[in-house]
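Given next are the chains, with one letter for each unit.
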Amino acid sequence: MKPLSYLAAVLISALALTGGQALANTCRTEKLTCPTSMPVGGYCECTSHGTTQGGEVTARDPHEHYNSTPGGCGVNPGAPGCR
C-alpha cells in the first residue's frame, strides 16, 4: 500500500507543476513567443514587460526558446485564453 501512496503523491505533484494542463503548443506573435494550451491555428496572446501582442498558435518545436509569458487581454479582451 505504501508504494501506491508514493505514486499518488508524485502524480499530484506533477499535475500541480504543470498547472493541470500541459502547455504543448507555441503562441507566435510579431516579436514574442510563449507556451500555450490553445489549439493549433487558434488565437493567442503573449505578454512581456507590460506589452501584449496577439498571435497564432503553432505546434511546439522541441528546441523552442520562449521570450514571454502566455496570456493578456490586449486588443481582444473577449478572446479565449485571455486572462
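Residues numbered from 1 in each chain as written. Predicted model: local features only at pLDDT ≥ 70, side-chain atom pairs only at ≥ 80, totals over all residues. Heavy atoms only, no water.

**A few points about the side chain of Thr-29**
Mapping Thr-29 onto the fold places it in the loop between strand E1 (25-28) and strand E2 (33-36). What makes Thr-29 buried here is its relative accessible area of 15%. Among the polar contacts listed, one links the side chain of Thr-29 to the backbone nitrogen of Leu-32, at a separation of 2.8 Å. Excluding anything up to four places from it in sequence, Thr-29 contacts Cys-46, Gln-53, Gly-54 and Gly-55. (Helix = DSSP H or I, 4+ residues; strand = E, 2+ residues; numbered from the N terminus. Buried < 20%, exposed > 50% of the residue type's maximum accessible area, 1.4 Å probe, protein only. Polar contact = N/O pair within 3.5 Å; in protein donor to acceptor, adjacent residues only side chain to side chain. Contact = heavy atoms within 4.5 Å.)

**A look at the nonpolar core**
Within the largest apolar cluster, seven residues are counted, these being Cys-27, Leu-32, Cys-34, Met-38, Cys-44, Cys-46 and Val-57. Those residues in contact with Cys-34, other than ones at most four positions away along the chain, are Asn-25, Thr-26, Cys-27, Glu-45, Cys-46, Tyr-66, Ser-68, Thr-69 and Pro-70. (Core = buried A, V, L, I, M, F, W, Y, C linked by side-chain atoms within 4.5 Å.)

**Details of the pattern of salt bridges**
Following the criterion strictly, the structure yields one salt bridge and no others. When the shortest N-O distance is used, the salt bridge between Glu-64 and Arg-28 registers 2.8 Å. Remark: Arg-28 occurs in strand E1 and Glu-64 occurs in the loop between strand E4 (51-59) and strand E5 (69-70); sequence separation between them is 36 residues. Owing to a relative accessible area of 14%, Glu-64 belongs among the buried residues under this scheme. (Salt bridge = Lys/Arg side-chain N within 4 Å of Asp/Glu carboxyl O.)

**Regarding the confidence of the model for the protein**
Scored by pLDDT, the protein comes out at a mean of 76, with 58% of its residues at no less than 70. Mean pLDDT across the elements of the protein ranges from a minimum in helix H1 (residues 2-18), with 53, to a maximum in E1, with 94. Low pLDDT (under 50) marks residues 15-21, which in the prediction has two contacts with non-local residues, meaning those over four places away or in another chain. (pLDDT = per-residue confidence, 0-100.)

**A word on the environment of Thr-58**
Residue position: Thr-58 is located in strand E4. Spatially, the C-alpha atom of Thr-58 lies 9.9 Å from that of Cys-44, the residues being 14 residues apart in sequence. Leaving out residues up to four positions away in the same chain, Thr-58 has contacts with Asn-25, Thr-26, Arg-28 and Val-40. Only 3.0 Å separates the side chain of Thr-58 from the side chain of Arg-28, close enough to count as a polar contact.

**A word on the pairing of strand E3 (residues 43-48)**
For E3, the buried fraction is high: five of the six residues fall into the buried class. Two strands pair when backbone bridges link them, and E3 and E4 are joined in this way by six bridges, in the antiparallel orientation. Residue pairing for E4: Thr-47 is matched across the bridge by Thr-52. The turn joining E3 and E4, which pair antiparallel and follow one another in sequence, is formed by two residues; a positive phi near 50° is taken by His-49. Bridge analysis of E3 against E5 gives two bridges, and the strand direction is antiparallel. Along E5, the bridge assignment pairs Thr-47 with Thr-69. (Pairing = 2+ DSSP bridges.)

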